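Each chain, written out:
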Number of protein chains: 2
Amino acid sequence: MDLFSLLRRRRATRAFRPGRTVTDAELAALFAAAIESPSSFNLQHWRFVVVRDPARLQRLAELAWGQRQVATASAVVIVFGHLKAHRDAPAIYADAPEALRERVVPLISGFYQGNPQLQRDEAIRSGSLAAMTFMLAAEAHGLATCPMIGFDPEGVSALAGADELHVPVMMICLGEAAGDAPPRAHRFPLSHVVRLETLDGPGLSVPEA
Amino acid sequence: MDLFSLLRRRRATRAFRPGRTVTDAELAALFAAAIESPSSFNLQHWRFVVVRDPARLQRLAELAWGQRQVATASAVVIVFGHLKAHRDAPAIYADAPEALRERVVPLISGFYQGNPQLQRDEAIRSGSLAAMTFMLAAEAHGLATCPMIGFDPEGVSALAGADELHVPVMMICLGEAAGDAPPRAHRFPLSHVVRLETLDGPGLSVPEA
(Lines give C-alpha, C1' and ligand atoms only; values in the text may rest on other atoms or scores of the structure.)
Protein backbone atom coordinates (compact mmCIF):
# COMPACT_ATOMS: atom_id res chain seq x y z
CA MET A 1 0.00 0.00 0.00
CA ASP A 2 1.44 3.37 -0.95
CA LEU A 3 2.28 6.13 1.50
CA PHE A 4 -0.72 8.29 0.69
CA SER A 5 -3.15 5.40 1.21
CA LEU A 6 -1.51 4.66 4.56
CA LEU A 7 -1.88 8.29 5.57
CA ARG A 8 -5.53 8.41 4.58
CA ARG A 9 -6.25 5.18 6.43
CA ARG A 10 -4.43 5.98 9.68
CA ARG A 11 -6.60 6.94 12.65
CA ALA A 12 -5.80 7.42 16.32
CA THR A 13 -7.34 4.10 17.28
CA ARG A 14 -9.03 3.64 20.64
CA ALA A 15 -10.55 0.18 20.23
CA PHE A 16 -8.28 -2.80 19.66
CA ARG A 17 -9.18 -6.39 18.91
CA PRO A 18 -8.74 -8.46 22.09
CA GLY A 19 -6.50 -11.50 22.00
CA ARG A 20 -4.27 -10.21 19.19
CA THR A 21 -0.62 -10.53 20.17
CA VAL A 22 2.21 -8.60 18.55
CA THR A 23 5.27 -10.75 18.07
CA ASP A 24 8.94 -9.89 18.41
CA ALA A 25 9.30 -10.37 14.65
CA GLU A 26 6.51 -7.87 13.93
CA LEU A 27 8.04 -5.38 16.34
CA ALA A 28 11.45 -5.83 14.76
CA ALA A 29 10.03 -4.97 11.34
CA LEU A 30 8.36 -1.81 12.68
CA PHE A 31 11.40 -0.64 14.62
CA ALA A 32 13.73 -1.42 11.70
CA ALA A 33 11.58 1.04 9.74
CA ALA A 34 11.45 3.61 12.54
CA ILE A 35 15.23 3.82 12.90
CA GLU A 36 15.56 4.71 9.22
CA SER A 37 14.28 8.15 10.28
CA PRO A 38 16.70 11.06 10.29
CA SER A 39 17.97 12.73 13.46
CA SER A 40 20.17 15.74 14.14
CA PHE A 41 23.79 14.85 13.46
CA ASN A 42 22.50 11.27 13.17
CA LEU A 43 22.53 11.04 16.97
CA GLN A 44 19.50 8.70 17.01
CA HIS A 45 18.15 10.05 20.27
CA TRP A 46 15.25 7.57 20.18
CA ARG A 47 14.85 4.75 22.68
CA PHE A 48 11.80 2.51 22.78
CA VAL A 49 10.35 0.44 25.61
CA VAL A 50 7.78 -2.18 24.62
CA VAL A 51 5.13 -3.13 27.17
CA ARG A 52 3.03 -6.20 26.41
CA ASP A 53 2.34 -7.78 29.79
CA PRO A 54 -1.39 -7.30 30.58
CA ALA A 55 -0.80 -6.34 34.21
CA ARG A 56 1.76 -3.74 33.18
CA LEU A 57 -0.56 -2.44 30.44
CA GLN A 58 -3.20 -2.03 33.12
CA ARG A 59 -0.76 -0.08 35.26
CA LEU A 60 0.14 2.09 32.25
CA ALA A 61 -3.56 2.78 31.65
CA GLU A 62 -3.87 4.03 35.22
CA LEU A 63 -0.96 6.38 34.54
CA ALA A 64 -2.79 7.61 31.41
CA TRP A 65 -6.02 8.92 32.89
CA GLY A 66 -7.59 5.47 32.47
CA GLN A 67 -7.78 5.81 28.70
CA ARG A 68 -9.19 2.53 27.45
CA GLN A 69 -6.90 2.07 24.46
CA VAL A 70 -3.89 1.53 26.74
CA ALA A 71 -5.10 -1.52 28.63
CA THR A 72 -6.59 -3.14 25.50
CA ALA A 73 -3.67 -2.57 23.13
CA SER A 74 -1.58 -5.56 22.12
CA ALA A 75 1.48 -3.53 23.04
CA VAL A 76 2.33 -0.03 24.12
CA VAL A 77 5.57 1.47 22.89
CA ILE A 78 6.94 4.17 25.16
CA VAL A 79 9.14 6.43 23.07
CA PHE A 80 11.94 8.11 24.99
CA GLY A 81 14.47 10.69 23.89
CA HIS A 82 18.01 10.51 25.20
CA LEU A 83 19.00 13.91 26.54
CA LYS A 84 22.73 13.21 26.31
CA ALA A 85 22.72 11.58 22.88
CA HIS A 86 25.54 13.92 21.86
CA ARG A 87 27.86 11.81 24.01
CA ASP A 88 27.37 9.01 21.47
CA ALA A 89 29.00 11.03 18.69
CA PRO A 90 32.43 9.32 18.94
CA ALA A 91 30.78 5.89 18.58
CA ILE A 92 28.47 6.99 15.77
CA TYR A 93 31.29 8.56 13.77
CA ALA A 94 33.89 5.90 14.61
CA ASP A 95 33.81 4.50 11.06
CA ALA A 96 33.34 7.84 9.29
CA PRO A 97 36.16 9.32 7.22
CA GLU A 98 38.74 10.84 9.54
CA ALA A 99 38.35 14.39 8.21
CA LEU A 100 34.60 14.29 8.82
CA ARG A 101 35.00 12.74 12.27
CA GLU A 102 37.60 15.28 13.38
CA ARG A 103 35.33 18.12 12.32
CA VAL A 104 31.95 16.84 13.43
CA VAL A 105 32.58 15.27 16.84
CA PRO A 106 33.83 18.49 18.50
CA LEU A 107 31.15 20.48 16.67
CA ILE A 108 28.44 18.27 18.21
CA SER A 109 29.94 18.63 21.67
CA GLY A 110 30.02 22.39 21.41
CA PHE A 111 26.50 22.58 20.01
CA TYR A 112 24.80 20.67 22.82
CA GLN A 113 26.94 21.03 25.94
CA GLY A 114 25.51 23.34 28.55
CA ASN A 115 22.24 23.78 26.65
CA PRO A 116 19.62 21.62 28.40
CA GLN A 117 16.72 23.20 26.48
CA LEU A 118 18.30 22.27 23.15
CA GLN A 119 19.02 18.77 24.48
CA ARG A 120 15.35 18.37 25.39
CA ASP A 121 14.15 19.83 22.09
CA GLU A 122 16.35 17.40 20.17
CA ALA A 123 15.25 14.40 22.19
CA ILE A 124 11.61 15.23 21.47
CA ARG A 125 12.28 16.12 17.84
CA SER A 126 14.15 12.93 16.94
CA GLY A 127 11.84 10.75 19.01
CA SER A 128 8.86 12.21 17.18
CA LEU A 129 10.38 11.66 13.73
CA ALA A 130 10.91 7.99 14.58
CA ALA A 131 7.43 7.77 16.12
CA MET A 132 5.80 8.99 12.92
CA THR A 133 7.68 6.45 10.85
CA PHE A 134 6.80 3.73 13.34
CA MET A 135 3.08 4.53 13.06
CA LEU A 136 3.16 4.44 9.27
CA ALA A 137 5.09 1.18 9.31
CA ALA A 138 2.50 -0.28 11.68
CA GLU A 139 -0.26 0.79 9.30
CA ALA A 140 1.59 -0.90 6.45
CA HIS A 141 1.64 -4.10 8.52
CA GLY A 142 -2.10 -3.94 9.19
CA LEU A 143 -1.69 -2.63 12.73
CA ALA A 144 -3.36 0.46 14.12
CA THR A 145 -1.82 2.95 16.54
CA CYS A 146 -2.78 5.62 19.00
CA PRO A 147 -0.14 8.23 19.83
CA MET A 148 -0.64 9.69 23.29
CA ILE A 149 0.77 12.43 25.45
CA GLY A 150 -1.92 12.43 28.15
CA PHE A 151 -0.11 10.51 30.89
CA ASP A 152 1.90 11.06 34.04
CA PRO A 153 5.45 11.37 32.69
CA GLU A 154 7.16 10.63 36.02
CA GLY A 155 5.01 7.56 36.60
CA VAL A 156 5.61 6.26 33.08
CA SER A 157 9.34 6.87 33.37
CA ALA A 158 9.41 4.97 36.66
CA LEU A 159 7.46 2.06 35.17
CA ALA A 160 9.87 1.92 32.24
CA GLY A 161 12.94 2.16 34.46
CA ALA A 162 14.00 5.39 32.76
CA ASP A 163 16.50 7.62 34.49
CA GLU A 164 16.66 11.42 34.30
CA LEU A 165 18.65 11.23 31.07
CA HIS A 166 15.58 10.00 29.18
CA VAL A 167 12.52 12.14 28.52
CA PRO A 168 9.25 10.46 27.54
CA VAL A 169 8.33 11.68 24.04
CA MET A 170 5.02 9.86 23.67
CA MET A 171 3.32 6.50 24.10
CA ILE A 172 2.06 4.59 21.07
CA CYS A 173 -0.67 2.03 21.59
CA LEU A 174 -0.45 -0.75 19.02
CA GLY A 175 -2.87 -3.42 17.96
CA GLU A 176 -5.40 -4.48 15.39
CA ALA A 177 -8.26 -2.01 15.08
CA ALA A 178 -11.66 -3.27 16.22
CA GLY A 179 -14.68 -1.91 14.42
CA ASP A 180 -14.93 0.67 11.68
CA ALA A 181 -12.55 3.60 11.39
CA PRO A 182 -14.02 6.84 12.73
CA PRO A 183 -14.41 9.68 10.23
CA ARG A 184 -11.32 11.75 9.49
CA ALA A 185 -10.93 14.46 12.13
CA HIS A 186 -10.82 18.21 11.53
CA ARG A 187 -7.93 19.63 9.55
CA PHE A 188 -7.15 23.28 8.94
CA PRO A 189 -7.03 24.09 5.21
CA LEU A 190 -3.56 24.36 3.71
CA SER A 191 -4.02 28.11 3.31
CA HIS A 192 -4.18 28.37 7.11
CA VAL A 193 -1.00 26.44 7.90
CA VAL A 194 1.23 26.94 4.84
CA ARG A 195 2.57 30.39 4.08
CA LEU A 196 4.60 31.52 1.12
CA GLU A 197 7.79 33.43 2.09
CA THR A 198 6.63 34.70 5.52
CA LEU A 199 4.20 33.67 8.25
CA ASP A 200 2.05 36.72 7.64
CA GLY A 201 2.30 36.41 3.88
CA PRO A 202 -0.20 34.75 1.55
CA GLY A 203 -1.24 31.18 2.25
CA LEU A 204 -0.79 28.32 -0.19
CA SER A 205 -4.09 28.49 -2.04
CA VAL A 206 -3.77 25.72 -4.60
CA PRO A 207 -6.69 23.28 -4.28
CA GLU A 208 -5.72 20.47 -1.95
CA ALA A 209 -4.66 17.24 -3.59
CA MET B 1 6.59 3.01 -4.20
CA ASP B 2 5.87 1.43 -0.83
CA LEU B 3 6.76 2.97 2.51
CA PHE B 4 9.72 0.69 3.18
CA SER B 5 11.29 1.47 -0.21
CA LEU B 6 10.86 5.19 0.46
CA LEU B 7 12.54 4.81 3.83
CA ARG B 8 15.45 2.88 2.38
CA ARG B 9 15.90 5.43 -0.40
CA ARG B 10 15.68 8.60 1.71
CA ARG B 11 18.94 10.39 2.45
CA ALA B 12 19.72 13.77 3.98
CA THR B 13 20.56 15.32 0.63
CA ARG B 14 23.16 18.04 0.34
CA ALA B 15 23.42 18.40 -3.45
CA PHE B 16 20.39 19.48 -5.44
CA ARG B 17 19.94 19.75 -9.18
CA PRO B 18 20.15 23.42 -10.18
CA GLY B 19 17.29 24.94 -12.12
CA ARG B 20 14.63 22.58 -10.77
CA THR B 21 11.66 24.56 -9.51
CA VAL B 22 9.06 23.22 -7.10
CA THR B 23 5.58 24.33 -8.04
CA ASP B 24 2.66 25.34 -5.83
CA ALA B 25 0.85 22.19 -6.97
CA GLU B 26 3.74 19.98 -5.89
CA LEU B 27 3.94 21.74 -2.55
CA ALA B 28 0.20 21.38 -2.06
CA ALA B 29 0.46 17.61 -2.56
CA LEU B 30 3.28 17.35 -0.01
CA PHE B 31 1.59 19.53 2.59
CA ALA B 32 -1.75 17.78 2.09
CA ALA B 33 0.10 14.61 3.10
CA ALA B 34 1.94 16.27 5.99
CA ILE B 35 -1.22 17.53 7.64
CA GLU B 36 -2.63 14.01 7.75
CA SER B 37 -0.18 13.49 10.63
CA PRO B 38 -1.54 13.20 14.15
CA SER B 39 -1.07 15.86 16.82
CA SER B 40 -1.97 16.09 20.49
CA PHE B 41 -5.69 16.75 20.87
CA ASN B 42 -5.60 17.31 17.09
CA LEU B 43 -4.30 20.83 17.73
CA GLN B 44 -2.23 20.82 14.51
CA HIS B 45 0.55 22.95 15.97
CA TRP B 46 2.42 22.90 12.64
CA ARG B 47 2.91 25.98 10.50
CA PHE B 48 5.07 25.99 7.37
CA VAL B 49 6.83 28.83 5.60
CA VAL B 50 8.05 28.10 2.08
CA VAL B 51 11.08 30.01 0.80
CA ARG B 52 11.86 29.76 -2.92
CA ASP B 53 13.26 33.15 -3.85
CA PRO B 54 17.01 32.70 -4.60
CA ALA B 55 18.06 35.82 -2.71
CA ARG B 56 16.11 34.74 0.35
CA LEU B 57 17.52 31.21 0.09
CA GLN B 58 20.98 32.78 0.07
CA ARG B 59 20.10 34.73 3.19
CA LEU B 60 18.80 31.54 4.83
CA ALA B 61 22.05 29.78 3.97
CA GLU B 62 23.97 32.51 5.76
CA LEU B 63 21.77 31.91 8.81
CA ALA B 64 22.59 28.17 8.58
CA TRP B 65 26.36 28.22 8.91
CA GLY B 66 26.66 28.54 5.13
CA GLN B 67 25.57 24.96 4.54
CA ARG B 68 25.46 24.53 0.77
CA GLN B 69 22.22 22.59 0.53
CA VAL B 70 20.22 25.64 1.63
CA ALA B 71 21.17 28.03 -1.14
CA THR B 72 20.91 25.34 -3.83
CA ALA B 73 17.61 23.79 -2.78
CA SER B 74 14.56 24.43 -4.96
CA ALA B 75 12.72 25.41 -1.79
CA VAL B 76 13.30 25.48 1.92
CA VAL B 77 10.39 24.74 4.20
CA ILE B 78 10.71 26.27 7.63
CA VAL B 79 8.61 24.24 10.02
CA PHE B 80 7.27 26.18 12.99
CA GLY B 81 5.31 25.01 16.00
CA HIS B 82 2.57 27.23 17.40
CA LEU B 83 3.11 27.59 21.15
CA LYS B 84 -0.48 28.63 21.82
CA ALA B 85 -2.16 26.06 19.59
CA HIS B 86 -4.43 25.11 22.50
CA ARG B 87 -6.27 28.38 21.92
CA ASP B 88 -7.52 26.88 18.63
CA ALA B 89 -9.44 24.14 20.45
CA PRO B 90 -12.87 25.86 20.21
CA ALA B 91 -12.46 26.22 16.42
CA ILE B 92 -11.12 22.69 15.96
CA TYR B 93 -13.94 21.13 17.97
CA ALA B 94 -16.68 23.47 16.70
CA ASP B 95 -18.28 20.70 14.63
CA ALA B 96 -17.60 17.88 17.09
CA PRO B 97 -20.49 16.28 19.01
CA GLU B 98 -21.51 18.58 21.83
CA ALA B 99 -20.69 16.10 24.61
CA LEU B 100 -17.15 15.67 23.29
CA ARG B 101 -16.68 19.39 22.79
CA GLU B 102 -17.89 20.26 26.28
CA ARG B 103 -15.49 17.75 27.79
CA VAL B 104 -12.40 18.27 25.64
CA VAL B 105 -12.15 22.04 25.19
CA PRO B 106 -11.80 22.83 28.92
CA LEU B 107 -9.53 19.78 29.34
CA ILE B 108 -7.16 21.17 26.69
CA SER B 109 -7.14 24.59 28.33
CA GLY B 110 -6.29 23.13 31.71
CA PHE B 111 -3.62 20.86 30.27
CA TYR B 112 -1.61 23.59 28.56
CA GLN B 113 -2.27 26.86 30.33
CA GLY B 114 0.59 28.07 32.48
CA ASN B 115 2.93 25.32 31.27
CA PRO B 116 5.32 26.89 28.75
CA GLN B 117 7.64 23.86 28.73
CA LEU B 118 4.75 21.60 27.70
CA GLN B 119 3.66 24.13 25.08
CA ARG B 120 7.14 24.10 23.59
CA ASP B 121 7.41 20.30 23.76
CA GLU B 122 4.10 19.95 21.93
CA ALA B 123 5.00 22.48 19.26
CA ILE B 124 8.20 20.56 18.53
CA ARG B 125 6.52 17.17 18.78
CA SER B 126 3.67 17.93 16.38
CA GLY B 127 5.89 19.88 14.02
CA SER B 128 8.27 16.93 13.85
CA LEU B 129 5.51 14.41 13.15
CA ALA B 130 4.36 16.53 10.21
CA ALA B 131 7.96 17.06 9.07
CA MET B 132 8.57 13.30 8.89
CA THR B 133 5.45 12.79 6.81
CA PHE B 134 6.42 15.69 4.58
CA MET B 135 9.84 14.17 3.89
CA LEU B 136 8.36 10.79 3.02
CA ALA B 137 5.78 12.42 0.76
CA ALA B 138 8.55 14.34 -0.98
CA GLU B 139 10.44 11.10 -1.55
CA ALA B 140 7.28 9.58 -3.03
CA HIS B 141 7.15 12.52 -5.45
CA GLY B 142 10.77 12.06 -6.53
CA LEU B 143 12.02 14.93 -4.41
CA ALA B 144 14.86 14.72 -1.90
CA THR B 145 15.04 16.50 1.44
CA CYS B 146 17.53 17.59 4.04
CA PRO B 147 16.18 18.21 7.54
CA MET B 148 18.28 20.72 9.45
CA ILE B 149 18.56 22.15 12.92
CA GLY B 150 21.94 23.88 12.55
CA PHE B 151 20.81 27.47 12.06
CA ASP B 152 20.31 30.70 13.98
CA PRO B 153 16.73 30.33 15.27
CA GLU B 154 16.23 34.05 15.95
CA GLY B 155 17.52 35.00 12.51
CA VAL B 156 15.36 32.41 10.78
CA SER B 157 12.30 33.47 12.77
CA ALA B 158 12.93 37.09 11.78
CA LEU B 159 13.34 36.19 8.11
CA ALA B 160 10.08 34.23 8.21
CA GLY B 161 8.22 36.97 10.04
CA ALA B 162 7.52 34.66 12.97
CA ASP B 163 6.52 36.17 16.30
CA GLU B 164 7.34 34.81 19.75
CA LEU B 165 4.34 32.46 19.59
CA HIS B 166 6.05 30.35 16.93
CA VAL B 167 9.12 28.21 17.63
CA PRO B 168 11.24 26.97 14.70
CA VAL B 169 11.11 23.17 14.69
CA MET B 170 13.43 22.53 11.76
CA MET B 171 14.18 23.57 8.20
CA ILE B 172 13.69 21.12 5.35
CA CYS B 173 15.61 21.68 2.14
CA LEU B 174 13.73 20.33 -0.85
CA GLY B 175 14.77 19.62 -4.40
CA GLU B 176 15.82 16.96 -6.84
CA ALA B 177 18.91 15.08 -5.72
CA ALA B 178 22.01 15.61 -7.84
CA GLY B 179 24.42 12.72 -8.11
CA ASP B 180 24.34 9.33 -6.46
CA ALA B 181 22.90 8.75 -3.01
CA PRO B 182 25.58 8.49 -0.34
CA PRO B 183 25.76 5.19 1.56
CA ARG B 184 23.31 4.68 4.39
CA ALA B 185 24.67 6.28 7.56
CA HIS B 186 25.36 4.54 10.86
CA ARG B 187 22.46 3.06 12.76
CA PHE B 188 22.53 1.51 16.21
CA PRO B 189 21.29 -2.09 16.17
CA LEU B 190 17.71 -2.60 17.36
CA SER B 191 18.99 -4.32 20.49
CA HIS B 192 20.57 -1.01 21.51
CA VAL B 193 17.51 1.20 21.09
CA VAL B 194 14.56 -1.14 21.68
CA ARG B 195 14.01 -2.60 25.12
CA LEU B 196 11.44 -5.11 26.25
CA GLU B 197 9.47 -3.99 29.33
CA THR B 198 12.08 -1.62 30.82
CA LEU B 199 14.96 0.53 29.61
CA ASP B 200 17.48 -1.62 31.46
CA GLY B 201 15.77 -4.86 30.42
CA PRO B 202 16.73 -7.09 27.49
CA GLY B 203 16.93 -5.55 24.05
CA LEU B 204 14.89 -6.70 21.07
CA SER B 205 17.19 -9.31 19.61
CA VAL B 206 15.25 -10.62 16.63
CA PRO B 207 17.32 -10.31 13.45
CA GLU B 208 16.56 -7.01 11.79
CA ALA B 209 14.09 -7.11 8.91
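Structure first, text after, so check above.
In what follows, the accompanying structure is described. (Residues numbered from 1 in each chain as written. Chains lettered and ligands numbered in written order. Predicted model: local features only at pLDDT ≥ 70, side-chain atom pairs only at ≥ 80, totals over all residues. Heavy atoms only, no water.)

1. Description of the overall build of chain A
Filter applied, for reference: A run of H or I in DSSP counts as a helix once it spans at least four residues, and a run of E counts as a strand once it spans at least two, with each numbered from the N terminus. Residue exposure (1.4 Å probe, protein chains only): buried if accessible area is under 20% of the type maximum, exposed if over 50%, otherwise partly exposed. Here the Shrake-Rupley method, with its probe set to 1.4 Å, supplies the accessible areas, and only the displayed protein chains count as covering residues. When charges are counted, Lys and Arg contribute as positive and Asp and Glu as negative, whereas His and the chain ends are disregarded. By convention, the point assigned to a charge is CZ for Arg, NZ for Lys, CD for Glu and CG for Asp.
On a plain count of helices and strands, chain A comes out with nine helices and five strands. Counting only C-alpha atoms and orienting by the principal axes, one finds that chain A spans roughly 55 × 50 × 30 Å. When the 209 residues of chain A are sorted by exposure, 59% land in the buried category. On chain A, roughly 8200 Å² of surface is accessible, and the fraction owed to carbon and sulfur atoms is 54%. Across chain A, the centroid of the 21 positively charged side chains sits 5 Å from that of the 22 negatively charged ones.

2. A look at the packing of aromatic side chains
All names here are of chain A. Threshold: Only the six-membered ring of Trp is used, alongside the rings of Phe and Tyr, when aromatic pairs are assigned; centres must lie within 6.5 Å, and planes under 30 degrees apart are stacked while those over 60 apart are edge-to-face, with the rest tilted.
For the structure on display, the rule yields 12 aromatic pairs over all chains. Here the aromatic rings of Phe-41 and Tyr-112 are separated by 6.0 Å at their centres, their planes lie at 80°, and the arrangement is edge-to-face. Here Phe-41, found in the loop between helix 2 (24–34) and strand 1 (46–51), pairs with Tyr-112, found in helix 6 (residues 98–112); they are 71 residues apart in sequence, far enough to count as distant. Taken individually, Phe-41 and Tyr-112 each receive the classification buried, so the pair is uniform in this respect.

3. With respect to the interface of chain B and chain A
Interfaces are often sized by the amount of accessible area the parts lose when they come together. Where we set the bar: In what follows, a contact means two residues having at least one pair of non-hydrogen atoms within 4.5 Å. Each of two parts loses accessible area, computed with a 1.4 Å probe, when they are put together; buried area is these two losses added. Between Lys or Arg on one side and Asp or Glu on the other, a salt bridge is scored when a side-chain nitrogen of the former is within 4 Å of a carboxyl oxygen of the latter.
In this assembly, 85 residues from chain B lie in contact with 85 residues from chain A. The junction of chain B with chain A conceals about 7000 Å² of combined surface from both sides, 66% of it contributed by carbon and sulfur atoms. By the criterion of area lost to chain A, the three top residues of chain B are B:Glu36, B:Glu197 and B:Leu199, representing 10% of everything that side buries. Scanning the region where chain B abuts chain A turns up six salt bridges. Among the ionic pairs, B:Glu36 bridges to A:Arg184, the shortest N-O distance being 2.9 Å.

4. Looking at the packing of helix 7 (residues 116–140) of chain A against helix 7 (residues 116–140) of chain B
Rules: Note on geometry: axes are C-alpha line fits, over the in-contact stretch for helices, and angles between N-to-C directions span 0 to 180 degrees. Working definition: roughly parallel below 35 degrees, roughly antiparallel above 145 degrees, roughly perpendicular at 65 to 115 degrees, and oblique for all remaining angles. Each crossing gets its handedness from the near helix: less than a right angle anticlockwise from the far helix is left-handed, clockwise is right-handed. In this count, Pro and Cys sit with the nonpolar residues alongside Ala, Val, Leu, Ile, Met, Phe, Trp and Tyr, while Asp, Glu, Lys and Arg are called charged and the others, Gly among them, polar.
At a closest axis distance of 8 Å, the pairing of helix 7 of chain A and helix 7 of chain B adopts a crossing angle of 40°. For the element pair helix 7 of chain A / helix 7 of chain B, the angle class is oblique. The element helix 7 of chain A and its partner helix 7 of chain B pack so that their crossing is right-handed. Seen from helix 7 of chain A, the contacting residues are A:Gln117, A:Arg120, A:Asp121, A:Ile124, A:Arg125, A:Ser128, A:Leu129, A:Ala131, A:Met132, A:Thr133, A:Met135 and A:Leu136; seen from helix 7 of chain B, they are B:Gln117, B:Arg120, B:Asp121, B:Ile124, B:Arg125, B:Ser128, B:Leu129, B:Ala131, B:Met132, B:Thr133, B:Met135 and B:Leu136. A per-class count over the contact of helix 7 of chain A with helix 7 of chain B returns 12 nonpolar, six polar and six charged.

5. Here's the deal with the pairing of strand 4 (residues 166–175) of chain A
All names here are of chain A. What counts is decided by this rule: Any two strands with at least two DSSP bridges between them are considered paired.
Extensive coverage of strand 4 is indicated by the burial of 10 of its 10 residues. Where strand 2 (residues 75–82) lies against strand 4, eight bridges are found, and the strand directions are antiparallel. Counted as the bridge partner of Val-77 is Ile-172 from strand 4. One ladder, built from five bridges, connects strand 3 (residues 144–148) with strand 4; its direction is antiparallel. Counterpart to Ala-144 in the pairing with strand 4 is Gly-175.

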